[in-house]
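In case you want the letters, here they are:
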Amino acid sequence: MLPMDDRDGWIWLDGELVPWREAKVHVLTHGLHYGSCVFEGERAYGGRVLALEEHGRRLLRSAEIMDMASPWDAPALDRAVEQVIAANGLADAYVRRLVWRGSEVLAVAAPRNRIHAAVAAWTWTGAEGHRKREGIRLNVARWRRPPPECMPHEAKVSAAYAIGTLSRHEAIRQGFDDTLMLDWRGRVSEASGANVFFVEGERLVTPVPDCFLDGITRRSIIRLAQQRGFEVVERVVMPEELAGFDEAFLAGTAAEVTLIREIDGRSFRIGPVGGWLADAYAAYARRPGELAKAA
Ligand code: PMP
């Protein structure tokens, strides 16, 4: 894979398209030192970004929670995404947009630093899709999701990813693909970058997002499943219950629907419900209007 900073193409940075290699920040940037950066991971299917406005709204909501007033409103950033997709001639792609605190003052408090924004996108064909259908293996992380009083869980903020990176690195070292994180109470929460669902008979079960991100994909999966007559239960899930579930899968923008075949020694069937939802989500991602009509 080409290094992320050494590619051809265009990146939108603070209001204009700049050549890919020139989209740089200074080393004394607040966002780098203190994690004051919020971002979105998005996917374009056939040149159209799925849930574009929802991502734009979440980005600005995250910025607001982190006390950053973006000079660009959500529609302006939505247009920037479209501009980047067009300028780079992308069809199936991954999109990153971010808002961060700049470099005028380097101190924990830097309320008057300039707020910056950028949008980058690159081809993502989904060629790795077979792994999502074969099922991945997760360990259970040593690090836990903090309580909502200790971290603003509704903000998709870079700072919150520190424990995700630590946990996922450890999982990979142990030969796993990803990691299942518990929350501070010891309840099942989510993976390092995606929400988790379980199948129990004819029912989907997913943890209550009271201290972790309530993903846009998670909500789409709930709607898709309910439309097809599945019962979806949001409830407390304890790790001791894992052995009782038939199937398990992750849901997220990048993960889409990724089937899970093992969590820390407990096996799950690569079964009909997860497989059907993976197909349903793939169809929805390319034709989201159909879901709206059917609802
Ligand atoms: N949890 C975490 C920690 C994530 O990084 C993501 C990916 N953004 C998700 C859940 C899923 O969110 P979404 O479906 O909005 O991509």
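Look up: the structure comes first, before these words.
Our subject in this report is the structure included herewith. Computed from a predicted structure; not experimentally measured. (Residues numbered from 1 in each chain as written. Predicted model: local features only at pLDDT ≥ 70, side-chain atom pairs only at ≥ 80, totals over all residues. Heavy atoms only, no water.)

What follows covers the overall build of the chain. When helices and strands are tallied, the chain shows 8 helices and 15 strands. The C-alpha radius of gyration computed for the chain amounts to 19 Å, which stays within 12% of the reference 19 Å derived for 295 residues, consistent with globular compactness. The principal-axis extents of the C-alpha atoms in the chain amount to approximately 55 × 40 × 35 Å. Pairs at least 24 residues apart make up 69% of the contacts formed inside the chain by residues separated by at least 6 positions. Working note: accessible area of the chain is about 14,000 Å², and carbon and sulfur atoms make up 54% of it. Separation between the mean location of the 38 positive side-chain charges and that of the 41 negative ones in the chain comes to 1 Å. (Helix = DSSP H or I, 4+ residues; strand = E, 2+ residues; numbered from the N terminus. Rg over C-alpha atoms; globule rule 2.2 N^0.38 Å. Contact = heavy atoms within 4.5 Å. Areas by Shrake-Rupley, 256 points an atom, 1.4 Å probe, with all protein chains shown as cover. Lys, Arg positive; Asp, Glu negative; His and termini not counted. Charge placed at Lys NZ, Arg CZ, Asp CG, Glu CD.)

Phi is positive for D67, close to 65°, though the residue is something other than glycine. Note that D67 resides in the loop between α2 (52-65) and α3 (74-87). Taking the relative accessible area as the measure of exposure, D67 reaches 60% and is therefore exposed. Notably, E256 is not glycine yet its phi reads approximately 50°, a positive angle. The residue E256 is located in strand β14 (residues 256-263) in this model. (Buried < 20%, exposed > 50% of the residue type's maximum accessible area, 1.4 Å probe, protein only.)

For the rest of this paragraph, the subject is the site of the ligand. What surrounds the ligand is a group of 14 residues, the closest being Y161, E190, I216, T217 and T253. K156 is positioned such that a nitrogen or oxygen atom in its side chain is 2.8 Å from a nitrogen atom of the ligand. At 2.6 Å, a side-chain N or O of T217 approaches an oxygen atom of the ligand. Broken down by class, the residue content of the shell around the ligand amounts to 4 nonpolar, 7 polar and 3 charged. (Near = heavy atom within 4 Å. Polar contact = N/O pair within 3.5 Å; in protein donor to acceptor, adjacent residues only side chain to side chain. Nonpolar A, V, L, I, M, F, W, Y, C, P; charged D, E, K, R; others polar.)

Of all 9 residues that make up strand β3 (residues 37-45), 9 are buried, and the element is covered over most of its length. In this structure, β3 lies alongside strand β5 (residues 93-101), joined through 8 bridges in antiparallel fashion. In the strand pairing of β5, A44 is matched with A93. In terms of strand pairing, β3 meets strand β4 (residues 48-49) through 2 bridges, oriented antiparallel. Directly across from Y45, in β4, lies its bridge partner R48. (Pairing = 2+ DSSP bridges.)

Below, the discussion takes up the packing of aromatic side chains. Applying the stated rule across the entire model yields 8 aromatic pairs. Plain terms: the ring middles of W12 and W72 are 5.3 Å apart, the flat faces sit at 75° to each other, and that makes the pair edge-to-face. Pair noted here: W12 is in strand β1 (residues 10-13) and W72 is in the loop between α2 and α3, with a separation of 60 residues, a long-range link. Feature note: the residues Y94, W122 and W124 constitute an aromatic cluster, connected by ring pairs. Seen from the ring of W124, R43 lies directly overhead, with NZ or CZ sitting 4.3 Å from the centre. (Phe/Tyr/Trp six-rings, centres within 6.5 Å; stacked < 30°, edge-to-face > 60°. Lys NZ or Arg CZ within 6 Å of the ring centre and 35° of its normal.)

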